[in-house]
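Residue-level structural notes
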Amino acid sequence: VYLDAPPGINTDQHVFVMIGIIGKLLILISMVAGILSGLTFLRSSVLDDRVREWRRIGRYAWWTLTACILGAFGILIYLNLTHAFEYAYVYENTAMSLRSDYLVAAAWAGQEGSFLLWIVMNSLVGLAVILFAKEYESPVMAIICLCQVFLISMIVGLQIGPLPIGSSPFATLAEKFPTAPMILAGIIPSDGQGLNDLLRNYWMVIHPPVLFSGFASMIVPFAFAITALWKRRYTEWVRPALPWTLFAVLALGIGIAMGGYWAYITLNFGGYWAWDPVENSSLVPWLIGIAAVHTMIVQKRSGHSHKASLFLAILAYILVVYSTFLTRSGILGDISVHSFVDLGLYNQLLVWILSMALLGFGLFFIRMNDLPKPAKEPNMLSREFMIFAGAMIITGVAMV
């Protein structure tokens, strides 16, 4: 299309614009595929006949979603590496002087890019669930699809009448800053703003992917707990859910430890847990996840702690979403180094957290009287009681 560009027009810029349009299209397709996957997995969960056919459609839709998201993520990295400064995200997070590893890391330095990284991790977690969840696949994937659609909506960048939905990582400078003098003059900057000096560190390359793998993995015990309440499988869910919960708290714990070393040793803020409320907000769901692991072990071995296991598994992921709300809504912008500016996502984030809380806690309280009760309570000096007491202490620390 652009082989015969008018004189004075850089054809490379047209190519970049076309690539960005492809990126936007891939995100839009992934959202549609996520909705389709969720509906078909939901259909598979409630049907006794033709379950395999609906499940197969759900799998195909999820694979399509994953391919589109990986493609969009690859395009964003490519635009960073090729210095496509006509894109607002590239201009705001990269510069000509950045090393190639920092240019790659810039793909998750900004708010839209970090959402995209989280979506990528969610997609891979979903593939793992499809491969290993067996009879729990359909209901668990229906829950994961719901959360994935919420996440994708944060970066889809649609405008429906006066209502904006998400902020696209592929928005051009003209789209994001239409009244800027540079844009009105038709000038594309020759360099970008680059990364914050504090982010020009090798920990920026490895810390966020590990942390977001923990955030993404936390959705699996949440989905298993919702499935247990939904399907009234109050005792069986713990055995398949426990390995996922262990991996989630391990990944999130390693990510937090990396961030702690980066902040306390490398950046020398003089203290980790006190220096930034966003860091504290990522610690809290990890503590609840650790407590959930302990109560799930008690339930698996002795049949006690059904309510605590379900409640904590639900609470851990809701606190992950709440941590995201604190970080990205702009309400901590004046007191947090890590807080992003408000991109108009406040209402979307609020709807997400309220939806997760209503689904999780609403179903929990509806089913609470149906949950099995042990024949007798464990002795106060028994191993089960001690583990449960330890989990409650950890929960109390998280509340503080």
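As the structure is a computational prediction, the values presented were derived from the model and not from experiment. (Residues numbered from 1 in each chain as written. Predicted model: local features only at pLDDT ≥ 70, side-chain atom pairs only at ≥ 80, totals over all residues. Heavy atoms only, no water.)

Attention now goes to the overall build of the protein. Scanning the protein from N- to C-terminus turns up 15 helices and two strands. Of all 400 residues assigned to the protein, the portion counted as buried reaches 53%. Residue pairs in contact within the protein that sit at least 24 positions apart in sequence constitute 76% of those at least 6 positions apart. Carbon and sulfur atoms make up 66% of the accessible area of the protein, which amounts to about 18300 Å² in all. (Helix = DSSP H or I, 4+ residues; strand = E, 2+ residues; numbered from the N terminus. Buried < 20%, exposed > 50% of the residue type's maximum accessible area, 1.4 Å probe, protein only. Contact = heavy atoms within 4.5 Å. Areas by Shrake-Rupley, 256 points an atom, 1.4 Å probe, with all protein chains shown as cover.)

A complete count under the given rule lists 15 aromatic pairs for this structure. Judged by centre distance (5.9 Å) and plane angle (45°), the ring pair of Trp-118 and Phe-212 falls under tilted. With Trp-118 in helix 5 (residues 111–132) and Phe-212 in helix 9 (residues 202–217), the pair connects residues that are 94 residues apart, well separated along the chain. Owing to a relative accessible area of 0%, Trp-118 belongs among the buried residues under this scheme. Judged by relative accessible area, which is 8%, Phe-212 ranks as buried. Here the aromatic rings of Phe-150 and Trp-352 are separated by 6.4 Å at their centres, their planes lie at 20°, and the arrangement is stacked. You can see Phe-150 sitting in helix 6 (residues 137–153) and its partner Trp-352 sitting in helix 14 (residues 346–367), a full 202 residues away along the chain. The two residues Phe-150 and Trp-352 agree in class, both being buried. Taken together through their ring pairs, the aromatic side chains of Trp-118, Phe-150, Phe-212, Phe-215 and Trp-352 make up a single cluster. Sitting over the face of the ring of Tyr-102, Arg-99 holds its NZ or CZ atom 4.3 Å from the ring centroid. Its end group placed over the ring of Trp-230, Lys-231 keeps NZ or CZ at 4.8 Å from the ring centre. (Phe/Tyr/Trp six-rings, centres within 6.5 Å; stacked < 30°, edge-to-face > 60°. Lys NZ or Arg CZ within 6 Å of the ring centre and 35° of its normal.)

Together, Arg-239, Lys-300, Arg-301 and Arg-383 give the surface a local cluster of positive charge. Residue placement: Arg-239 occurs in helix 11 (residues 238–266). A relative accessible area of 56% means that Arg-239 is categorised as exposed. (Patch = residues over 30% accessible without salt bridge, like charges linked within 9 Å, V, L, I, M, F, W, Y side chains within 5 Å. Salt bridge = Lys/Arg side-chain N within 4 Å of Asp/Glu carboxyl O. Lys, Arg positive; Asp, Glu negative; His and termini not counted. Charge placed at Lys NZ, Arg CZ, Asp CG, Glu CD.)

Right, let's get into unusual backbone geometry. Across residues other than glycine, the phi torsion is negative in most instances, and most of the peptide bonds are trans. The backbone of His-83 shows a phi angle near 55°, a positive value even though the residue is not glycine. Here His-83 shows up in the loop between helix 2 (51–81) and helix 3 (88–93). Since its relative accessible area comes to 21%, His-83 is described here as partly exposed. Phi is positive for Arg-232, which is not a glycine, with a value near 60°. On the basis of relative accessibility, which here comes to 46%, the residue Arg-232 falls in the partly exposed class.

A few words on the side chain of Gln-148. Assignment of secondary structure puts Gln-148 in helix 6. Looking at Gln-148, the relative accessible area reads 0%, which means it is buried.

Let us look at the side chain of Asn-93. Inspection of the secondary structure assignment puts Asn-93 in helix 3. Among all residues touching Asn-93, those that are not within four sequence positions of it are Leu-98, Ala-106, Ala-109, Gly-110, Gly-194 and Leu-195.

What follows is about the environment of Ile-35. Tracing the chain through its elements places Ile-35 in helix 1 (residues 11–46). For Ile-35 and Phe-150, which are 115 residues apart along the polypeptide, the C-alpha to C-alpha distance reads 10.0 Å.

All right, on to the nonpolar core then. Burial of nonpolar side chains together is a common tendency in soluble globular proteins. The biggest cluster of nonpolar side chains holds 118 residues, and the ones touching the most others in it are Trp-237, Tyr-317 and Trp-352. When residues no more than four places from it in sequence are discounted, the contact partners of Trp-237 are Tyr-136, Pro-221, Phe-224, Ala-225, Ala-228, Met-296, Gln-299, Ser-309, Leu-310 and Ala-313. (Core = buried A, V, L, I, M, F, W, Y, C linked by side-chain atoms within 4.5 Å.)

Turning to the packing of helix 10 (residues 219–231) against helix 13 (residues 306–328), a few remarks are in order. Closest axis-to-axis distance for the helix 10/helix 13 pair is 8 Å, and the angle between their directions is 135°. Taken as axis vectors, helix 10 and helix 13 run oblique relative to one another. Between helix 10 and helix 13 the crossing geometry is left-handed. Across the interface between the two elements, Ile-219, Pro-221, Phe-222, Ala-225, Ile-226, Ala-228 and Leu-229 of helix 10 pack against Leu-310, Ala-313, Ile-314, Tyr-317 and Ile-318 of helix 13. Of the residues belonging to the contact of helix 10 with helix 13, the class tally is twelve nonpolar, no polar and no charged. (Axes fitted to C-alpha atoms, helices over the stretch in contact; angles between N-to-C directions. Parallel < 35°, antiparallel > 145°, perpendicular 65-115°, else oblique. Left-handed = near helix turned anticlockwise from the far one by under 90°. Nonpolar A, V, L, I, M, F, W, Y, C, P; charged D, E, K, R; others polar.)

Between its first and last C-alpha atoms helix 6 spans 24 Å; for 17 residues at 1.5 Å apiece the expected length is 24 Å, and the two agree. Within helix 6, 16 of the 17 residues are buried, which leaves it mostly tucked inside the rest of the structure. (Expected span 1.5 Å × (residues − 1).)

Okay, the state of the cysteines next. Following the criterion strictly, the structure yields zero disulfides and no others. In this model Cys-147 remains outside any disulfide bridge; the closest cysteine sulfur is found in Cys-145, 9.4 Å from its own. Judged by its relative accessible area of 0%, Cys-147 is buried. (Disulfide = S-S within 2.5 Å.)

By themselves, these figures tell us nothing about what the structure is for.
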